[in-house]
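If you want the building blocks of each chain, they are given just below.
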Amino acid sequence: MTTLLPDGAAPDTLVPPHAGFSPVSLDELVASASLQTRIDRKYVLHRAQARAVLADLAEREPGVRVLDVDGRREFAYESVYFDTPDLTSFHLAAHRRRRRFKVRTRTYLDSGEAWLEVKTRAARGSTVKDRVAHDLAGRCELGEGRRFVSATLEGAAVPEAADLPLAAGLVTRYRRATLLLPGASPGAPAARATLDAGLTWLLDEGTPAACTAAVPDLVVVETKTGSTPSCLDHLLWRSGHRPQRISKYGTGLAVLRPDLPSTPWRRVVRRWVEPSLTTSPDRST
């Protein structure tokens, strides 16, 4: 197994073996709830709040299971986002355009496996994700994947998709735990939820203009369901947590580039991100 993780102490995991969730394998998770077309609901919690919600979930919903690979329940991710020089993808999201999109490579740092992913919008606000395997060494370039990106964007009716001069920009890194949630009713399809912690944004990495921002105390919880909210959604609502507008790409650029519009994510940035934020160099001036 190839690993791209640095040496160091084991992270403070959100879902240790004693958390009360039975394990599920990756194959079973994908077979039960791949959900490439889905409704996404995102929540922002402090780490202590996330732990409390997970403890409540384990007690109330014994059918919830957690992805477990060789005893590991949290995994390191890296995403490299691609955009045009004038940030077409960012601005489409900032202005809530229906034909908005994201293009990124996603690398599973524990295994060294990389994918090229395109996310677009479908009917009723659902998210469609298409992806193909990608060269690990070329994860900061589209390479031969550019044809896949153009074809996918054209299929989603994104204007001028074939001519977009996409290049790598913002990078995000975080650790993720994934839950398999039982269907909301007998016979209903299963759902998934992800919990992302240790989120770090990096811009212009490896250059004199490089800057980073991190929110070590925050956890982004995302449920991925069909049309019916999951048991975790209902539990979060009962606990006073409501879906938030947060995009790792949009929020990260808005934090590191204060000259850019941040309207969709302003509330999350002010209430959640800024109080927990650490930056290098200081981006507050």
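A quick note: this is a predicted structure, and the numbers were derived from the prediction, not measured.

Rules behind the numbers
- Residues numbered from 1 in each chain as written.
- Predicted model: local features only at pLDDT ≥ 70, side-chain atom pairs only at ≥ 80, totals over all residues.
- Heavy atoms only, no water.
- Helix = DSSP H or I, 4+ residues; strand = E, 2+ residues; numbered from the N terminus.
- Rg over C-alpha atoms; globule rule 2.2 N^0.38 Å.
- Buried < 20%, exposed > 50% of the residue type's maximum accessible area, 1.4 Å probe, protein only.
- Areas by Shrake-Rupley, 256 points an atom, 1.4 Å probe, with all protein chains shown as cover.
- Axes fitted to C-alpha atoms, helices over the stretch in contact; angles between N-to-C directions.
- Parallel < 35°, antiparallel > 145°, perpendicular 65-115°, else oblique.
- Left-handed = near helix turned anticlockwise from the far one by under 90°.
- Contact = heavy atoms within 4.5 Å.
- Nonpolar A, V, L, I, M, F, W, Y, C, P; charged D, E, K, R; others polar.
- Pairing = 2+ DSSP bridges.
- Core = buried A, V, L, I, M, F, W, Y, C linked by side-chain atoms within 4.5 Å.
- Phe/Tyr/Trp six-rings, centres within 6.5 Å; stacked < 30°, edge-to-face > 60°.

S.K.: Even after reading the chapter, I still don't get the overall build of the protein, so can you show me in this structure?
M.R.: Each helix and strand in the protein was counted, giving 7 helices and 11 strands. What you see for the protein is a C-alpha radius of gyration of 18 Å, in line with the 19 Å of a compact globule of 285 residues. Seen through its principal axes, the protein has C-alpha atoms that stretch 50 × 40 × 40 Å. Here the protein holds 285 residues, and the buried ones make up 49% of them. As presented, the protein carries roughly 13600 Å² of accessible surface, and 52% of it is formed by carbon and sulfur atoms.

S.K.: How should I be thinking about the packing of helix H2 (residues 47-60) against helix H5 (residues 231-238) in this particular structure?
M.R.: The relative placement of two packed helices is expressed as an angle between their axes plus a distance between the axes. Running from amino to carboxyl end, H2 crosses H5 at an angle of 125°, the nearest separation of the two axes being 11 Å. By the criterion of interaxial angle, the relationship of H2 to H5 is oblique. Crossing of H2 over H5 shows right-handed handedness. Side by side, H2 and H5 meet where Val53, Asp56, Leu57 and Arg60 of the first sit next to Cys231, Leu232, Leu235, Leu236 and Arg238 of the second. The residue inventory of the contact of H2 with H5, partitioned by class, reads 6 nonpolar, no polar and 3 charged.

S.K.: What is the right way to read the pairing of strand E4 (residues 75-83) from this model?
M.R.: Two faces make up the sheet, and in a regular strand the side chains alternate between them. Buried residues dominate E4, accounting for 9 of its 9 residues. Burial along E4 is two-sided: Phe75, Tyr77, Ser79, Tyr81 and Asp83 facing one way and Ala76, Glu78, Val80 and Phe82 facing the other are all buried. Pairing between E4 and strand E8 (residues 167-181): 8 bridges, direction antiparallel. When the bridges of E8 are listed, Ser79 appears paired with Thr172.

S.K.: Honestly, the pairing of E8 in this entry has me stumped. Any pointers?
M.R.: The buried count for E8 comes to 11 of 15 residues, which makes it a mostly enclosed element. By the bridge criterion, 2 bridges tie strand E3 (residues 65-67) to E8 in an arrangement that is antiparallel. The partner of Val66 across the bridge, within E8, is Leu179. In terms of strand pairing, E8 meets strand E9 (residues 191-203) through 10 bridges, oriented antiparallel. Residue pairing across strands places Leu180 opposite Arg192, the latter belonging to E9.

S.K.: Explain the nonpolar core to me, please; I cannot follow it from the model alone.
M.R.: Grouped together as the largest cluster of nonpolar side chains are 36 residues, with contacts concentrated most on Phe90, Trp201 and Leu253. Where this core is concerned, the elements lending two or more residues are helix H1 (26-33), E4, helix H3 (88-94), E8, E9, strand E10 (211-225), helix H6 (248-256) and helix H7 (266-276). Once residues within four sequence positions are removed from consideration, Leu253 is found in contact with Leu87, Phe90, Leu170, Leu203 and Leu260. Core analysis: the next-biggest nonpolar cluster, separate from the first, contains 25 residues, Leu179, Ala197, Leu232 and Leu235 among them.

S.K.: Teacher, can you tell me more about the packing of aromatic side chains here?
M.R.: Aromatic ring pairs are reported here in terms of the distance separating the ring centres and the angle at which the planes meet. Counting across every chain of the model gives 5 aromatic pairs. Judged by centre distance (6.4 Å) and plane angle (85°), the ring pair of Phe90 and Tyr249 falls under edge-to-face. Here Tyr249 lies in helix H6 and Phe90 lies in helix H3, a separation of 159 residues in the sequence. Accessibility expressed as a relative area gives 4% for Tyr249, which makes it buried. Geometrically, the ring pair formed by Phe90 and Trp265 is tilted, given 5.5 Å between the ring centres and 45° between the ring planes.

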